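# Descriptive analysis of the structure
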Amino acid sequence: MGLTLPSVLAIDAGNSKTDASLIAADGTVLGSGRSGGFQPPRSGVEAAVDVLGQAVSAAAEAAGLPAPGPGSPYAAQVSACLANADLPVEERRLTEAIGARGWGAATEVRNDTFAILRAGVEEPCGVAVVCGAGVNCVGMTPDGRTARFPALGRISGDWGGGGGLADEALWFAARAEDGRGGPTELARALPAHFGLASMRELIEALHLGGIPGGRRHELVPVLFAVAAGGDPVAVALVHRQADEVVTMATVALRRLELLDREVPVVLGGGVLTARHPQLNDRVAEGLAERAPLARMHVITAPPVLGSALLGLDALGAPPPAHARLRAQFGAPLDARSAARFG
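A quick note: this is a predicted structure, and the numbers were derived from the prediction, not measured.

### Some points on the overall build of the protein
- Tallying secondary structure elements over the protein gives 13 helices and 10 strands in all.
- The C-alpha atoms of the protein give a radius of gyration of 21 Å, which matches the 20 Å a tight globule of 342 residues would have.
- Residues classed as buried in the protein amount to 50% of the 342 residues present.
- Restricting to contacts in the protein with at least 6 residues of sequence separation, those with at least 24 account for 67%.
- In the form shown here, the protein has an accessible surface area of approximately 15,000 Å², with 54% of it arising from carbon and sulfur atoms.
- Side-chain charges of the protein comprise 29 positive and 35 negative groups, with the mean position of each set lying 2 Å from the other.

### Considerations on the sheet that holds strand β3 (residues 29–35)
- Taken in spatial order, the five strands line up as β3-β2-β1-β4-β5 in an open sheet, and their pairing is mixed. Each end of this open sheet is capped by a strand with a single partner; those strands are β3 and β5 (104–111). Each strand axis lies, on average, 15° off the axis of its neighbour in the sheet, ignoring direction.
- Sheet topology places strand β2 (residues 18–24) next to β3; six bridges connect them, and they run antiparallel. Its bridge partner lying in β3, I23 is registered against V29.
- Running over the sheet, helix α12 (residues 303–314) touches β1 (6–13), β2, β4 (75–82) and β5 and is turned about 140° from β1.

### Side note on the environment of S21
- Secondary-structure assignment places S21 in strand β2.
- Using a relative accessible area of 2% as the deciding quantity, one classes S21 as buried.
- Sequence-wise, S21 and D281 are 260 residues apart; in three dimensions their C-alpha atoms are separated by 35 Å.
- In contact with S21, other than residues within four places in its own chain, are V8, L9, A10, G31, S32, V304 and F329.
- Here S32 takes part through its side chain, which lies 2.8 Å from a polar atom of the side chain of S21.

### Overview of the packing of helix α9 (residues 232–255) against helix α11 (residues 277–290)
- At a minimum axis distance of 8 Å, the contact between α9 and α11 shows a crossing angle of 40°. Taken as axis vectors, α9 and α11 run oblique relative to one another. Seen along the crossing, α9 lies across α11 with a hand that is right-handed. Counting all contacts with α9, which are made through V235, V238, H239, Q241, A242, D243, V245, V246, T247, A249 and T250, the residues of α11 involved are Q278, L279, R282, V283, G286, L287 and R290.
- For the contact of α9 with α11, the residue count by class is nine nonpolar, six polar and three charged.

### A closer look at the sheet that holds strand β6 (residues 126–131)
- Spatially, five strands are ordered β8-β7-β6-β9-β10 in an open sheet, and the strand pairing comes out mixed. Looking at the sheet topology across the chains shown, the edges are occupied by β8 (146–148) and β10 (295–298). Direction aside, the axes of adjacent strands within the sheet are offset by 15° on average.

### Some thoughts on the pairing of β10
- Burial of β10 is two-sided: the residues R295 and H297 facing one way and the residues M296 and V298 facing the other way are all buried.
- Where strand β9 (residues 264–268) lies against β10, four bridges are found, and the strand directions are parallel. When the bridges of β10 are listed, P264 appears paired with R295.

### Overview of the side chain of T18
- With respect to the helices, strands and loops of the structure, T18 is situated in strand β2.
- For T18, a relative accessible area of 0% translates into the label buried.
- Polar side-chain contacts of T18 include one of 2.8 Å to the backbone oxygen of G36.

### Points about the confidence of the model for the protein
- Scored by pLDDT, the protein comes out at a mean of 93, with 96% of its residues at no less than 70.
- A low-confidence stretch, residues 334–342 (pLDDT under 50), is modelled with 17 contacts involving residues beyond four sequence positions or located in other chains.

### Topic: the nonpolar core
- Judged by nonpolar contacts, the single largest core of 60 residues is most densely connected at L186, L190 and L267.
- Take this core: its biggest share by element is 12 residues, from α9.
- Residues within four places of L190 in sequence aside, it is in contact with A169, L170, A173, M199, L202, L219 and V222.
- In this structure, I116, V266, A308 and L312 belong to the second largest nonpolar core, which totals 27 residues.

### Remarks on the packing of aromatic side chains
- Evaluated as defined, the whole model comprises one aromatic pair.
- Arranged with centres 4.9 Å apart and planes meeting at 80°, the rings of W171 and F172 form a pair that is edge-to-face.
- For F172, a relative accessible area of 29% gives the class partly exposed.
- Positioned above the aromatic ring of F149 is the side chain of R255, whose terminal nitrogen or guanidinium carbon lies 4.6 Å from the ring centre.

### What about the side chain of E168?
- Tracing the backbone through its elements, the reader meets E168 in helix α5 (residues 161–178).
- Of the side chains bearing the opposite charge, R154 lies closest to the buried E168, which forms no salt bridge; the N-O distance is 4.4 Å.
- A distance of 3.4 Å separates the side chain of E168 from the side chain of W159, its partner in a polar contact.

The rules behind these values
- Per chain, residue numbering runs from 1 following the sequence as it is written.
- Per-residue local features of the predicted model are confined to residues with pLDDT of at least 70, and side-chain atom pairs are confined, for both listing and counting, to 80 or more; whole-chain, interface and lining totals are unaffected and use all residues.
- No hydrogens and no water enter the side-chain calculation; it runs on all heavy atoms of the structure.
- Counting from the N terminus, the helices are DSSP H or I runs at least four residues long and the strands are E runs at least two residues long.
- Radius of gyration here is computed from C-alpha atoms only, and the compact-globule reference equals 2.2 Å multiplied by the residue count raised to the power 0.38.
- Remark: exposure states derive from per-residue accessible area (1.4 Å probe, protein chains only) relative to the maximum for the residue type, with buried under 20%, exposed over 50%, and partly exposed in between.
- We call two residues in contact when some of their heavy atoms are within 4.5 Å.
- Each accessible area is a Shrake-Rupley result for a 1.4 Å probe, and residues are judged covered by the shown protein chains and nothing else.
- Charge counting treats Lys and Arg as positive and Asp and Glu as negative, with His and both chain ends excluded.
- Charged groups are reduced to one reference atom each: NZ for lysine, CZ for arginine, CG for aspartic acid, CD for glutamic acid.
- Any two strands with at least two DSSP-identified bridges between them are counted as paired.
- Helix axes are fitted to C-alpha atoms over the stretch in contact, other axes to C-alpha atoms as well, and angles between N-to-C directions run from 0 to 180 degrees.
- Contacts described as polar in this section are N or O atom pairs within 3.5 Å, which, within protein, must combine one atom able to donate a hydrogen with one able to accept it, while residues neighboring in sequence count only if both atoms come from side chains.
- An angle below 35 degrees is treated as roughly parallel, one above 145 as roughly antiparallel, one from 65 to 115 as roughly perpendicular, and anything else as oblique.
- Note: crossing handedness is left-handed where the near helix turns anticlockwise from the far helix by less than a right angle, and right-handed where it turns clockwise.
- Here the term charged refers only to Asp, Glu, Lys and Arg, the term nonpolar to Ala, Val, Leu, Ile, Met, Phe, Trp, Tyr, Cys and Pro, and the term polar to all other amino acids, Gly among them.
- As a per-residue quantity, pLDDT reports the predictor's confidence and falls between 0 and 100.
- To define a nonpolar core, start from buried Ala, Val, Leu, Ile, Met, Phe, Trp, Tyr and Cys residues and group those joined through side-chain atoms within 4.5 Å.
- Ring pairs are drawn from Phe, Tyr and Trp, using the six-membered ring of Trp, whenever the two centres fall within 6.5 Å, and their geometry is named by plane angle: stacked under 30 degrees, edge-to-face over 60, tilted for the rest.
- The rule is short: NZ of Lys or CZ of Arg within 6 Å of the ring centre and within 35 degrees of the ring normal puts a charge over the ring.
- When a carboxyl oxygen of Asp or Glu lies within 4 Å of a side-chain nitrogen of Lys or Arg, that pair is called a salt bridge.

The structure is reproduced here in structure tokens:
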């Protein structure tokens, strides 16, 4: 039996890991691979693309494909959804760098939030809000229109995400302990998480490196636990995050003129997929008020599925190919029958 050649090379790359899959024209997954995180701001573009190449090579090996050569790429379409591709100019630069590797006859690069959106919708139409380490939102319509935000942190008007929530919790806890702010259980719970007796000890440990800065994300579950206990400061932070999610989704829907249509709003990222009731229930309530036709649901499918579906979209693949691909990722979807706020 001859070798089935791929039509799509799908790549999803986040700050901590990269997934790649080679997909046949009928939606069959031929091979997959994984490598490390994609961080061009730290490593430079070429070194970051080398990391993508490790996942791509592993997928090709799993599919039994030889290395690509001139005129013989791995696939017709490279569909890459990448973290740190936050601005159109960054997408263009990464498209050029990836295209130069010869992995596909055509290459399209998007921000990784688009992969989460496409994985969670039946057709390329809807809005996704991702709240993980940071926060981002994108929207798209079948005619190619998109809505997006720079998502560069406070300089671009963003608030929240895991990093932002941890910093806010530390700020309120520090001021509670030294008297500049009102009382909050966070002043006890945050240092206790690290086995420390006071915020002063925690501040010193974070400042001098006794606790690596990368461990700040551990404080987010502590914040939610304190909020669940009814602490007013923690509750206010959780509610503010929910309101930010609703605002981003509503603005994206308005930009795309989708507020008067029944469309999905997909929630992704570790903070939202943890399904904290105080957060997700308030998001649902806010959307019901501001975008009553929105169908909110939390994504469970792997984002590389979204990258692959976008690749099949670009090639005009028929619906059975999309359905077969979803089935192989264990992520069948019927958006029309999904619970409105499931």
